[in-house]
Amino acid sequence: MAKTATRLPGGRVIRALLAKYACPLGYHEVRTRLLGAIASPDPDMKPMTVIAGLWGGELPPFNSVDDANELLGALVMGLWNELASHQDPKVPFKAVPVPMEPTAANLGHLGLVRGQEAEGFVEGLFNGADEAGLPERAHEAVTHLGDIRSMMLGVADLVERTAGEPEDRAQIKETIKHLRAMTEIMETEIHAAVLSCVRARTQGLPGLTSPWSTGH
């Protein structure tokens, strides 16, 4: 008798679980944090430690073993394994879709989400350290992602500070178009960093010391 394929939890289920256990990070940032950890050159990187790190270092309290298995299964067996597929050059990383209608609220949301995605990836890549030994292409990617994060969060901050002012829809539309182009660059840089780190691990290549400041 043929085995039935195990159905892994989708994004909607994982979002609901993150909300249920009050994860301080959004689904979009959790995705990139885990992907960065998957690519991390840190030999001490452990999936369970990374998962606990989403809650600041300790897993949330559970009412039962089944509840714990549900969350950890969704994040490790589900999301982690899904993201691991991006170690394949033919499976590029894509940022989460967000509303693109030209409103100030959507513009601010877009900037915030993309900034947090860029930050999440590098946080995962560094695995809690202030610096990491990265191959050259990943080192370049971290620099570019730092610039993208700053620009995206700067847009989100500007929208928040100008809330209530009349909206220039034409200007908002143009800015969203620019952020969409930057999103494509971010996706390319994240995937390039993943592939670079995988290649370096496989070939035992030395890395460059890359510093990372979260700006917090």
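Here, every reference points to the structure presented above.
Residues numbered from 1 in each chain as written. Predicted model: local features only at pLDDT ≥ 70, side-chain atom pairs only at ≥ 80, totals over all residues. Heavy atoms only, no water.

Asker: What's the story with helix α4 (residues 65-84) in this structure? I'm lost.
Answerer: In an α-helix, one turn spans 3.6 residues, which is why side chains three or four residues apart end up on the same side. At glycine 73, α4 shows its largest bend, some 35 degrees. Within the span of α4, buried status applies to Asp67, Ala68, Leu71, Leu72, Ala74, Leu75, Val76, Gly78, Leu79, Trp80 and Leu83. Along its buried surface, α4 packs onto α1 (11-20), α2 (27-39) and α3 (47-53). (Bend = angle between axes of the 7 residues up to and from the residue. Helix = DSSP H or I, 4+ residues; strand = E, 2+ residues; numbered from the N terminus. Buried < 20%, exposed > 50% of the residue type's maximum accessible area, 1.4 Å probe, protein only. Contact = heavy atoms within 4.5 Å.)

Asker: Quick question: what am I supposed to make of the side chain of arginine 114 here?
Answerer: Within the fold, arginine 114 resides in helix α5 (residues 104-126). By relative accessible area, which is 3% here, arginine 114 ends up buried.

Asker: Would you mind showing me how to read the packing of aromatic side chains here?
Answerer: Each pair of aromatic rings is reported with the distance of its centres and the angle of its planes. All told, the structure shown has one aromatic pair when counted by the stated rule. A centroid spacing of 5.2 Å and a plane angle of 65 degrees characterise the contact between tyrosine 21 and phenylalanine 62, whose relative ring orientation is edge-to-face. Residue tyrosine 21 is located in the loop between α1 and α2, and its partner phenylalanine 62 is located in the loop between α3 and α4; the two are separated by 41 residues in the primary sequence. (Phe/Tyr/Trp six-rings, centres within 6.5 Å; stacked < 30°, edge-to-face > 60°.)

Asker: Got a minute to help me understand the environment of threonine 143 in this structure?
Answerer: Tracing the backbone shows threonine 143 in helix α6 (residues 136-161). Residue threonine 143 is classed as partly exposed on the basis of its relative accessible area, which comes to 43%. Separated by 21 residues in the primary sequence, threonine 143 and valine 122 have C-alpha atoms spaced 9.9 Å apart.

Asker: Mind showing me how you'd approach the environment of alanine 138 here?
Answerer: Structurally, alanine 138 can be placed in helix α6. C-alpha of alanine 138 to C-alpha of leucine 125: the two residues are 13 residues apart in sequence and 9.7 Å apart in space. When residues no more than four places from it in sequence are discounted, the contact partners of alanine 138 are Ala193, Ser196 and Cys197.

Asker: Explanation requested: the pattern of salt bridges in the structure shown.
Answerer: Where charged atoms from two side chains of opposite charge approach closely, those side chains can pair. Inspection of every chain in the model, using the stated rule, returns six salt bridges. In this structure, the salt-bridge partner of glutamate 187 is lysine 94, at a minimum N-O distance of 3.8 Å. Pair noted here: glutamate 187 is in helix α7 (residues 169-203) and lysine 94 is in the loop between α4 and α5, with a separation of 93 residues, a long-range link. (Salt bridge = Lys/Arg side-chain N within 4 Å of Asp/Glu carboxyl O.)

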